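These are the residues of each chain, in order.
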Amino acid sequence: MEEKTPKLSMRGITKRFGTKVVANDNVSLDVYAGEILALLGENGSGKTTLMNILAGIYYPDDGEILINGTPVTIASPREAFEHHIGMIHQHFKLVDVLTAAENIVLGMNEEGKLDMKAASAKIKQICDAYGFEVNPAQKIYEMSVSEKQTVEIVKVLYRGADLLILDEPTAVLTPQESEKLFAVLRNMRDDGKSIIIITHKMNEVLSVSDRVAILRSGAYICDRITSETNAQELTDLMVGHKVSLNIKRPEPKDPIERIRVKGLTVKNIEGINKLTDVSFTARSGEILGIAGIAGSGQKELLEGIAGLQPIESGTIEYVHHDGTTENLIGKDPLEIAALGVSLSFVPEDRLGMGLVANMDLADNMMLRSYRSGHSVFTNRKNPEHLAREVIKNLEVNTPGVHAMVRKLSGGNVQKVLVGREIASSPTVLLTAYAVRGLDINSSYTIYDLINQQKERGVAVIYVGEDLDVLVELCDRILVLCDGHVSGILDGRTCDKQTIGMMMTHIGEPTEEANDEQ
Amino acid sequence: MNSKTPLIHITKRSDIPVGRAILIRVIAIAAALLLCGFLTTLLTGLNPIEVYASMIRGSFGTSRKLWNLLQNMAMLLCVALALAPAFRMRFWNLGGDGQALMGCLAASACMILIGDKVSNTALIIIESVAALAAGAIWALIPAIFKAKWNTNETLFTLMMNYVATQIVAFFIIIWESPKGSGNIGVINQHTEAGWFPSIGSNKYLLNVLIVIALTLIIFFYMRYTKHGYEISVVGESERTARYIGIKVHKVIIRTMLLSGAICGLAGLLLGPGTNHTLATGIIDGRGFTAVMVAWLAKFDPLVMIITSFLLVFLQRGSNEIATAFMLNKSFGDILTGIILFFIIGSDFFINYQLHFRKSGRKEAK
């Protein structure tokens, strides 16, 4: 590879935000034609910033970009396209009411009259070349997440991109969809295109990339040929010190039943069942994993228990330490707390539900506690104290307790949320996608925190998407398939393939479903 | 080598020292005054310094003018204080005019109907309660619809203004004096029943003191009380509010009752407190001007003192130059517009930073 001129070179790229934050510090990076480069780094290490510079969204404070050895300026996304660079962002930028084809040609300003037929034909040609499946006439709002992503990719290819940047493309995909995406990426690489992929999932890095470049705290550390490295080395390089990649799973200590769900049925606003006749129990000192394809009713299940979701039928019982039970159905979060049920909930939507993005850390800590006391005034002393504790104990990277939560990186946001939720010494902890978008180091911090709660005797319900983690972390795994319980497996003996099968087929026979009373 | 570097590129500032932000504002105002001066000379041939001096005289020239300024500031600020909690909750209450007008109507009704039946102290208490309640009810109606059926509060509160104007017009015909004149005239002119007392000989001082106290109350309410905190949470994210068990509809209704009651207070201060009459135009569009006062101050009650001063000062100044130099009234509005444009536009320079191409250094490389 040494003799080739890189297709793209970044030389000494520096980007600062304000006076204090250096997002990229003198980064130099090469990308060659016909390779898939994985960009690896912790949250806040500057990966997305660096890619946004290539895509013309940010302009670097210093440094230069060369394409095929010629220096270029990329001052806007349009100029990025002129240099055949296309980026697929984490959050899709599509117009919902338009069709796939309309979205793809949008903003092209081609000469002459808009010819949708020709456009559709060209789209078809791109799809056939690389193995995409897109219906050009389908509206975006009718599409699944993975279809939308495909439209985004076709959109940049349509504009002639031969360097594609994908920012965490698999965060929203099922394992099967990810595999399909990787197949397409490999096709494009074999066609001579360059691909930069940002991902936190180490197994994906190892399976799809040819080369890995590592960033740490905004600086370029090194690169490795994928076939000559392993997950442990990459993780150590990324974090900067040795980390253990094993998730602990302590034996549950005298588990007793804490939450009993029977025949739970939930409908959405359109009257379609999101959960159908769901029954299970969650025990103290145990982690119950929930597996399932995104949108199989995980959200409704957790929000139902937390008192945020109207229930069609069924019961949710909470069992106190003395054996008495409370029915949680029809009660809002305040009424549930008033029963002496200490229930903590880490929702999927951290900044839209769990936290207030435009408030500082202390005020976010206060969300749970501001009602305490009879004074009409708020007490800000205790929340500030709690914020300091969380920052210290969970190693939150923040300028201080009065920093706005929206300015923190994803991992730190999650630490703040989890820190607040476990501070109230819950007996039940509900978590939804607790490590989504988090880097390895932050993810392991979260696993440790969840395990600590388990050892304290908390009944933990862990909704996850990474099956590798579920089978390593959870004591039992409930598999949801389209709102039905497909089965409940023992986490110590089940394997990924079985879970994957049960996620798509209801009622897969299994000898391990031994926990239901 | 980097000759293609864009001449200017823009980045968002992460933070800016307070002094720097104030400096940017001052520069913006200076630039606005410079441009206004230039335009004045160009269009009217007048000396801009004299025009500015006349603007300042319009507000500070005599003690009567100064008190007029303070009274107008107080009334505008009072409505803006009513809007601030609702706006913080992202409830766009554009019905300040109607809510204040209903307050004024209720107070006037008390003065007319029971003015000679109860003692003056009792009348003042009754009319005050009636005014606050009427304003609150006028705000409650759209609040209930918003809380229960998520109707659009902007349109709803706006339309309530016109309903209020029509109701007041109806009662003016009933109570008009003398008959056929189409207006009410001074209510209880001889008995002065229900009129707010003057402190010393100053008829505006009481109003100003009430609004100063109200400013402090709203400031503490929004910043340090549990209610204020709930308002902020609901405004930022209703889903978060529900997640922590805040009853969102309760907060909406409670906050709008407060907002409407304070508008009612503004109507009370304008009617029995100042003009002792009722007219459809008595609020004089303050419900809308106050929207600007509140937004310019980012809903901070203390900063609203400055923004209400600014708007009243500009308004009075442009009236003054219109009369003093026999200019068209629109000329003052043009100057006001330019100054506001610069002040609002300076926000850009506070939030963003411009980088110019570094010349020389790069090429030498």
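What you are looking at is a predicted structure, and each value in this text was computed from that prediction instead of being measured.

**Let's talk about the side chain of E42 of chain A**
Residues and elements named next belong to chain A. Counting through the fold element by element, E42 comes out in the loop between β3 (36-40) and α1 (47-54). No salt bridge is formed by the buried E42; its nearest oppositely charged neighbour, R216, is found at 6.3 Å. Looking at E42, its side chain comes within polar contact range of the side chain of N441, at 3.4 Å. Among all residues touching E42, those that are not within four sequence positions of it are K47, H200, L215, M238, V239, D439 and N441.

**So, the domain arrangement of chain A**
All names here are of chain A. As far as domains go, chain A holds domain 1 (8-239), domain 2 (246-342 + 430-517) and domain 3 (351-424). Distance between the C-alpha centres of domain 1 and domain 2: 35 Å. Each partner contributes residues to the interface: domain 1 has 13 residues there, and domain 2 has 11 residues. With both chains or domains summed, domain 1 and domain 2 bury close to 1000 Å², and 54% of this area falls on carbon and sulfur atoms. Linking domain 1 with domain 2 are 0 salt bridges. Looking at the side of domain 1 that touches domain 2, the elements that each hand over two or more residues are α7 (202-208) and α8 (231-239). Ranked by residues supplied to the side of domain 1 that touches domain 2, first place goes to α8 with 3 residues. Counted by class, the side of domain 1 that touches domain 2 contains 4 nonpolar, 7 polar and 2 charged residues.

**Some details on the interface of chain A and chain B**
On the chain B side, the residues contacting the 48 residues of chain A number 31 residues. Both sides of the chain A and chain B interface together cover about 3100 Å² of buried area, and 51% of this is carbon and sulfur. Inspection of the region where chain A meets chain B yields 2 salt bridges. The residue D349 of chain A makes a salt bridge to R239 of chain B at a minimum N-O spacing of 2.6 Å. Linking chain A with chain B are 23 residue pairs in polar contact (both at pLDDT 80 or more). Elements with a minimum of two residues in the side of chain A that touches chain B: β1 (8-17), β4 (62-67), α9 (298-306), α10 (333-338), α11 (350-354), α12 (361-369) and α14 (410-423) of chain A. Residue composition of the side of chain A that touches chain B, by class: 20 nonpolar, 12 polar and 16 charged.

**Considering the sheet that holds strand β15 (residues 325-327) of chain A**
Residues and elements named next belong to chain A. The 4 strands are arranged β12-β11-β14-β15 in an open sheet whose pairing can be described as antiparallel. Two strands lie at the open edges of the sheet, namely β12 (273-283) and β15, each paired on one side alone. Between one strand axis and the next, the sheet turns by 20 degrees as a mean value, whatever way the strands run. Note that strand β11 (residues 257-267) and β12 share 7 bridges and pair antiparallel. The residue bridging R260 from the neighbouring strand is T281, located in β12. α9 rests against β11, β12 and β14 (313-319) of the sheet, and its axis sits at about 60 degrees to β12.

**Comments concerning the packing of aromatic side chains**
How two aromatic rings sit relative to each other is set out by the distance from centre to centre and by the angle between their planes. Under the defined criterion, the tally for this structure stands at 22 aromatic pairs over all chains. Between the aromatic rings of F345 of chain A and Y243 of chain B, the centroid separation amounts to 5.9 Å while the plane-to-plane angle is 55 degrees, which identifies the pairing as tilted. On the criterion of chain membership, the pair formed by F345 of chain A in strand β16 (residues 343-346) and Y243 of chain B in helix α9 (residues 238-243) is interchain, its members lying in two chains. Just as F345 of chain A is buried, Y243 of chain B falls in that class too. Here the aromatic rings of F348 of chain B and Y352 of chain B are separated by 5.2 Å at their centres, their planes lie at 25 degrees, and the arrangement is stacked.

Reading the values: the criteria
Residues numbered from 1 in each chain as written. Chains lettered and ligands numbered in written order. Predicted model: local features only at pLDDT ≥ 70, side-chain atom pairs only at ≥ 80, totals over all residues. Heavy atoms only, no water. Helix = DSSP H or I, 4+ residues; strand = E, 2+ residues; numbered from the N terminus. Buried < 20%, exposed > 50% of the residue type's maximum accessible area, 1.4 Å probe, protein only. Lys, Arg positive; Asp, Glu negative; His and termini not counted. Salt bridge = Lys/Arg side-chain N within 4 Å of Asp/Glu carboxyl O. Polar contact = N/O pair within 3.5 Å; in protein donor to acceptor, adjacent residues only side chain to side chain. Contact = heavy atoms within 4.5 Å. Domains from an automatic or database assignment. Buried area = accessible area lost by both parts, 1.4 Å probe. Nonpolar A, V, L, I, M, F, W, Y, C, P; charged D, E, K, R; others polar. Pairing = 2+ DSSP bridges. Axes fitted to C-alpha atoms, helices over the stretch in contact; angles between N-to-C directions. Phe/Tyr/Trp six-rings, centres within 6.5 Å; stacked < 30°, edge-to-face > 60°.

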